[in-house]
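Reading the structure
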Amino acid sequence: MVSIRAKIKSRLEKFLEVDSNGYRRAILCIFIKVKKATIDELHEMLTSKYNVTRNTVASMVGYIHSKLGILRAHKESYKTPMVYLLREEYIDLLMKIVTSSKTSAESTA
């Protein structure tokens, strides 16, 4: 039986394999730094470095939340935006994968 951490690790690796423009790695790095953010906050952080739309950011965060399972979503009330929090139990795994895939991507370039 494969553990949940092993499944998440393989999904994260596949998620980053197809990261041709660096958006995916950047979002994961932002979550490592800030631990929680809204779509608007992430979009604002990413537009300083990349030309990315809000819908693209929302799509990636939704995928990370639903398919990868490393984020929690919280909403205070129906008027407030959704806040996404990085799950504490996956911070070490995420840091390891992001740094190892970054160095392997640099070595192939």
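Residues take numbers from 1 onward in each chain, read along the sequence in its written order. Reporting of local features is limited, given that this is a predicted model, to residues whose pLDDT is at least 70; pairs of side-chain atoms are given and counted only at 80 or more, and all residues count toward the totals for whole chains, interfaces and linings. Hydrogens and water molecules were not included; the side-chain quantities draw on all heavy atoms of the structure.

Identification of the chain as DUF2551 domain-containing protein from Methanosarcina flavescens is taken from an unreviewed UniProt entry.

Another aspect to go through is the pattern of salt bridges. Salt bridges are identified by distance alone: a Lys or Arg side-chain nitrogen within 4 Å of an Asp or Glu carboxyl oxygen. In total, this model carries four salt bridges according to the counting rule given. For the salt bridge of Glu13 with Lys9, the shortest nitrogen-to-oxygen distance reads 3.9 Å. Here Glu13 pairs with Lys9, and both are found in helix α1 (residues 4-17), just four residues apart, close to one helical turn. Residue Glu13 is classed as partly exposed on the basis of its relative accessible area of 35%. The partner of Asp40 in a salt bridge is Arg54, and the shortest N-O contact between them spans 2.6 Å. Here the residue Asp40 occupies a position in helix α3 (residues 39-47), and Arg54 occupies one in helix α4 (residues 54-68), the gap between them amounting to 14 residues. When accessible area is computed with a 1.4 Å probe and restricted to protein chains, residues below 20% of their type maximum are described as buried, those above 50% as exposed, and intermediate ones as partly exposed. Classification of Asp40 by relative accessible area gives partly exposed; the value is 43%. Helix and strand definitions here come from DSSP, where helices need a minimum of 4 consecutive H or I residues and strands a minimum of 2 consecutive E residues; each element is numbered from the N-terminal end.

The strands that make up a sheet pair up through hydrogen bonds in the backbone, lying either parallel or antiparallel. A pair of strands is labelled paired if DSSP reports no fewer than 2 bridges between them. Strand order in the open sheet formed by three strands is β1-β3-β2, with antiparallel pairing between adjacent strands. Of all strands in the sheet, those with a lone pairing partner are β1 (36-37) and β2 (71-74), marking the two edges. With four bridges connecting them, β2 and strand β3 (residues 83-86) associate as antiparallel partners. When the sheet's bridge partners are listed, His74 is paired in β3 with Val83. Contacts are residue-level and defined by heavy atoms, with any inter-residue pair within 4.5 Å sufficient. Every angle, taken between N-to-C directions, lies between 0 and 180 degrees, and every axis is a line fitted to C-alpha atoms, over only the stretch in contact when it is a helix. Along the sheet face, α4 touches β2 and β3 and points at about 110° away from the line of β2.

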